[in-house]
Amino acid sequence: MAAALPVVYLARHGETAWSLTGQHTGLTDLPLTERGERNARSLGDRLHGLTFSQVFTSPLQRAVRTCELAGFGAAAAIDPDLVEWNYGQYEGRRTEEILAERPDWQLFRDGCPGGESPEQVGARADRVVRRVRAVQGDVLLFSSAHFLRTLTARWLGLEPAAGRLLVLGTAAVSALGYEHTPAEPVVRLWNDTRHVGA
(Lines give C-alpha, C1' and ligand atoms only; values in the text may rest on other atoms or scores of the structure.)
Protein backbone atom coordinates (compact mmCIF):
# COMPACT_ATOMS: atom_id res chain seq x y z
CA MET A 1 0.00 0.00 0.00
CA ALA A 2 2.80 2.45 0.83
CA ALA A 3 4.19 2.21 -2.72
CA ALA A 4 0.89 3.57 -4.11
CA LEU A 5 0.93 6.65 -1.89
CA PRO A 6 2.20 9.86 -3.51
CA VAL A 7 5.69 11.22 -2.96
CA VAL A 8 6.71 14.86 -2.90
CA TYR A 9 10.23 15.37 -4.22
CA LEU A 10 12.13 18.45 -3.06
CA ALA A 11 14.91 19.91 -5.19
CA ARG A 12 17.11 22.65 -3.79
CA HIS A 13 18.47 25.04 -6.39
CA GLY A 14 22.05 24.77 -7.61
CA GLU A 15 24.98 26.75 -6.29
CA THR A 16 25.01 30.57 -6.40
CA ALA A 17 27.83 32.95 -5.52
CA TRP A 18 26.23 33.58 -2.12
CA SER A 19 25.51 29.94 -1.28
CA LEU A 20 29.21 29.38 -1.95
CA THR A 21 30.23 32.16 0.46
CA GLY A 22 27.58 31.36 3.08
CA GLN A 23 25.65 34.62 2.68
CA HIS A 24 21.94 34.57 3.48
CA THR A 25 20.18 34.71 0.11
CA GLY A 26 16.50 35.37 0.52
CA LEU A 27 14.85 37.57 -2.07
CA THR A 28 18.07 38.68 -3.80
CA ASP A 29 17.61 37.15 -7.24
CA LEU A 30 21.04 35.67 -7.95
CA PRO A 31 21.88 33.46 -10.94
CA LEU A 32 23.48 30.05 -10.66
CA THR A 33 27.24 29.75 -10.87
CA GLU A 34 28.72 27.66 -13.69
CA ARG A 35 29.06 24.77 -11.23
CA GLY A 36 25.47 25.39 -10.12
CA GLU A 37 24.33 24.99 -13.72
CA ARG A 38 26.28 21.74 -14.11
CA ASN A 39 24.80 20.36 -10.91
CA ALA A 40 21.29 21.37 -11.99
CA ARG A 41 21.78 19.26 -15.12
CA SER A 42 23.02 16.38 -12.93
CA LEU A 43 19.91 16.83 -10.80
CA GLY A 44 17.91 16.17 -13.96
CA ASP A 45 19.87 12.95 -14.48
CA ARG A 46 19.12 11.98 -10.87
CA LEU A 47 15.37 12.51 -11.41
CA HIS A 48 15.33 10.88 -14.85
CA GLY A 49 12.61 8.27 -15.22
CA LEU A 50 10.38 9.70 -12.50
CA THR A 51 6.94 10.97 -13.49
CA PHE A 52 5.26 13.91 -11.78
CA SER A 53 1.63 14.94 -11.83
CA GLN A 54 2.69 18.51 -11.08
CA VAL A 55 5.93 20.49 -10.85
CA PHE A 56 6.18 23.78 -8.98
CA THR A 57 9.05 26.22 -8.65
CA SER A 58 9.88 29.31 -6.67
CA PRO A 59 9.79 32.43 -8.85
CA LEU A 60 13.44 33.23 -8.05
CA GLN A 61 15.79 32.64 -10.97
CA ARG A 62 18.08 30.24 -9.09
CA ALA A 63 15.14 27.85 -8.65
CA VAL A 64 13.58 28.48 -12.07
CA ARG A 65 16.93 27.92 -13.83
CA THR A 66 17.60 24.76 -11.82
CA CYS A 67 14.16 23.50 -12.81
CA GLU A 68 14.84 24.30 -16.49
CA LEU A 69 18.29 22.71 -16.56
CA ALA A 70 16.95 19.62 -14.80
CA GLY A 71 14.48 19.26 -17.67
CA PHE A 72 11.24 20.26 -15.97
CA GLY A 73 10.87 23.88 -17.08
CA ALA A 74 8.09 23.23 -19.60
CA ALA A 75 5.99 21.41 -17.00
CA ALA A 76 6.56 23.78 -14.08
CA ALA A 77 4.19 26.31 -12.58
CA ILE A 78 5.46 29.24 -10.52
CA ASP A 79 4.34 29.15 -6.88
CA PRO A 80 5.14 32.39 -5.00
CA ASP A 81 4.84 30.52 -1.68
CA LEU A 82 8.01 28.56 -2.58
CA VAL A 83 10.19 31.69 -2.40
CA GLU A 84 13.05 31.59 0.11
CA TRP A 85 12.85 33.08 3.61
CA ASN A 86 12.83 36.89 3.61
CA TYR A 87 15.93 37.67 5.68
CA GLY A 88 15.22 41.40 5.94
CA GLN A 89 18.21 43.17 7.50
CA TYR A 90 20.21 39.95 7.42
CA GLU A 91 20.03 39.59 3.63
CA GLY A 92 23.50 39.04 2.21
CA ARG A 93 25.07 38.55 5.64
CA ARG A 94 26.88 35.46 6.93
CA THR A 95 25.74 33.69 10.10
CA GLU A 96 29.06 34.41 11.85
CA GLU A 97 28.61 38.15 11.23
CA ILE A 98 25.10 38.08 12.69
CA LEU A 99 26.26 36.04 15.70
CA ALA A 100 29.00 38.59 16.39
CA GLU A 101 26.18 41.10 17.03
CA ARG A 102 23.56 38.69 18.41
CA PRO A 103 25.36 35.69 19.94
CA ASP A 104 22.10 33.92 20.82
CA TRP A 105 20.43 34.37 17.39
CA GLN A 106 18.83 31.37 15.70
CA LEU A 107 17.05 31.81 12.37
CA PHE A 108 14.47 29.10 12.99
CA ARG A 109 13.59 30.53 16.42
CA ASP A 110 14.04 34.28 15.96
CA GLY A 111 13.50 35.03 12.28
CA CYS A 112 15.01 38.21 10.88
CA PRO A 113 14.47 41.90 11.69
CA GLY A 114 12.63 43.50 8.81
CA GLY A 115 12.04 40.06 7.32
CA GLU A 116 9.94 37.00 8.08
CA SER A 117 9.35 35.18 11.34
CA PRO A 118 9.42 31.37 11.50
CA GLU A 119 5.64 31.46 11.87
CA GLN A 120 5.23 33.45 8.66
CA VAL A 121 7.44 31.06 6.71
CA GLY A 122 5.59 28.15 8.32
CA ALA A 123 2.26 29.60 7.13
CA ARG A 124 3.57 29.67 3.55
CA ALA A 125 4.82 26.11 3.95
CA ASP A 126 1.39 25.04 5.23
CA ARG A 127 -0.23 26.43 2.08
CA VAL A 128 2.20 24.47 -0.09
CA VAL A 129 1.61 21.28 1.92
CA ARG A 130 -2.16 21.65 1.48
CA ARG A 131 -1.77 22.15 -2.27
CA VAL A 132 0.56 19.20 -2.85
CA ARG A 133 -1.51 16.86 -0.69
CA ALA A 134 -4.50 17.64 -2.94
CA VAL A 135 -2.60 16.45 -6.05
CA GLN A 136 -3.23 12.93 -7.26
CA GLY A 137 0.26 11.58 -7.91
CA ASP A 138 3.83 12.58 -7.26
CA VAL A 139 4.90 16.24 -7.10
CA LEU A 140 8.27 17.94 -7.62
CA LEU A 141 9.14 21.23 -5.91
CA PHE A 142 12.11 23.52 -6.67
CA SER A 143 12.98 25.98 -3.94
CA SER A 144 15.67 27.09 -1.47
CA ALA A 145 17.18 25.49 1.62
CA HIS A 146 15.60 27.27 4.57
CA PHE A 147 12.14 27.23 3.02
CA LEU A 148 12.38 23.52 2.16
CA ARG A 149 13.60 22.75 5.67
CA THR A 150 10.58 24.59 7.11
CA LEU A 151 8.26 22.84 4.65
CA THR A 152 9.59 19.46 5.78
CA ALA A 153 9.02 20.30 9.43
CA ARG A 154 5.43 21.28 8.66
CA TRP A 155 4.90 18.16 6.49
CA LEU A 156 5.78 16.11 9.57
CA GLY A 157 3.44 18.16 11.79
CA LEU A 158 6.35 19.79 13.65
CA GLU A 159 6.81 23.45 14.48
CA PRO A 160 8.69 25.51 11.87
CA ALA A 161 11.63 25.68 14.30
CA ALA A 162 12.28 21.97 13.71
CA GLY A 163 13.68 22.93 10.31
CA ARG A 164 16.90 23.80 12.14
CA LEU A 165 17.56 20.06 12.47
CA LEU A 166 17.67 19.46 8.72
CA VAL A 167 20.69 20.40 6.61
CA LEU A 168 20.27 20.69 2.85
CA GLY A 169 23.02 21.03 0.23
CA THR A 170 22.77 22.78 -3.13
CA ALA A 171 21.13 20.72 -5.88
CA ALA A 172 20.11 18.15 -3.27
CA VAL A 173 17.12 15.85 -3.74
CA SER A 174 14.84 14.88 -0.87
CA ALA A 175 11.49 13.10 -0.76
CA LEU A 176 8.52 13.34 1.56
CA GLY A 177 5.76 10.77 1.70
CA TYR A 178 3.82 8.48 3.98
CA GLU A 179 4.50 5.21 5.76
CA HIS A 180 1.19 3.31 5.70
CA THR A 181 -1.53 5.94 5.27
CA PRO A 182 -1.76 9.70 4.64
CA ALA A 183 -2.11 10.08 8.41
CA GLU A 184 1.55 8.99 8.75
CA PRO A 185 3.76 11.56 6.98
CA VAL A 186 7.46 10.67 6.82
CA VAL A 187 10.76 11.68 5.25
CA ARG A 188 11.58 9.04 2.64
CA LEU A 189 14.90 10.52 1.46
CA TRP A 190 16.94 13.48 2.69
CA ASN A 191 19.76 15.60 1.24
CA ASP A 192 20.81 13.21 -1.51
CA THR A 193 23.74 14.90 -3.28
CA ARG A 194 25.39 11.83 -4.86
CA HIS A 195 24.79 13.34 -8.30
CA VAL A 196 26.48 16.66 -7.43
CA GLY A 197 29.94 17.02 -8.91
CA ALA A 198 32.92 19.07 -7.80
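Everything below is about the structure shown above.
Here is a short report on the structure shown in this document. Note that the structure is predicted; figures quoted are calculated from it, not measured. Residue positions are counted from 1 within each chain, in the order its sequence is given. Side-chain atom pairs in this predicted model are given and counted only at pLDDT of 80 or more, local residue features only at pLDDT of at least 70, and totals for whole chains, interfaces and linings cover all residues. The side-chain values count all of the structure's non-hydrogen atoms but skip hydrogen atoms and water molecules.

## So, the environment of Arg 46
Moving on, step 1. In DSSP terms, a helix is any run of H or I states spanning at least four residues, a strand is any run of E spanning at least two, and both are numbered starting from the N terminus. By secondary structure assignment, the location of Arg 46 is in helix α2 (residues 34-47).
Moving on, step 2. Note on exposure labels: buried denotes an accessible area under 20% of the residue type's maximum, exposed denotes more than 50%, and partly exposed covers the range between, all computed with a 1.4 Å probe on protein chains only. For Arg 46, a relative accessible area of 26% translates into the label partly exposed.
Moving on, step 3. Counting along the chain gives 40 residues from Arg 46 to Pro 6, while the straight-line C-alpha distance between them is 19 Å.
Moving on, step 4. Contact criterion: two residues are considered in contact whenever any of their non-hydrogen atoms come within 4.5 Å of each other. Apart from the residues within four sequence positions on either side, Arg 46 is in contact with Val 173, Leu 189, Asp 192, Arg 194 and His 195.

## What to know about helix α3 (residues 61-69)
Moving on, step 1. Taken residue by residue, α3 has Arg 62, Ala 63, Thr 66, Cys 67 and Leu 69 as its buried positions.
Moving on, step 2. Looking at the packing, one finds that the buried side of α3 touches β1 (8-12), α2, β2 (54-57), β3 (76-78) and β4 (139-143).
Moving on, step 3. Count one or two residues on from α3 and you reach Gly 71, which has phi positive near 95°.

## A look at the pairing of β2
Moving on, step 1. Across four bridges, β2 lies against β4 in parallel orientation. Its bridge partner lying in β4, Gln 54 is registered against Val 139.
Moving on, step 2. Two strands make a pair as long as DSSP finds a minimum of two bridges between them. For β2 and β3, the ladder comprises three bridges, and the chain directions are parallel. Within β3, the position partnered with Val 55 by the bridge is Ala 76.
Moving on, step 3. The definition of a right-handed crossover adopted here requires that, viewed with the strands pointing away, the path from the first strand over the helix to the second runs clockwise. Crossover β2 to β3 through α3 is right-handed.

## Re the packing of aromatic side chains
Two aromatic rings are characterised by how far apart their centres lie and by the angle between their planes.
Moving on, step 1. Each Phe, Tyr or Trp ring (for Trp, its six-membered ring) is paired with any other whose centre lies within 6.5 Å, and the angle between the two planes then decides the class: stacked below 30 degrees, edge-to-face above 60, tilted in between. Within this structure, the stated rule accounts for six aromatic pairs.
Moving on, step 2. Between the aromatic rings of Tyr 9 and Phe 52, the centroid separation amounts to 5.5 Å while the plane-to-plane angle is 80°, which identifies the pairing as edge-to-face. Of the two residues, Tyr 9 is situated in strand β1 and Phe 52 in the loop between α2 and β2; the sequence distance between them amounts to 43 residues.
Moving on, step 3. Judged by its relative accessible area of 14%, Tyr 9 is buried.

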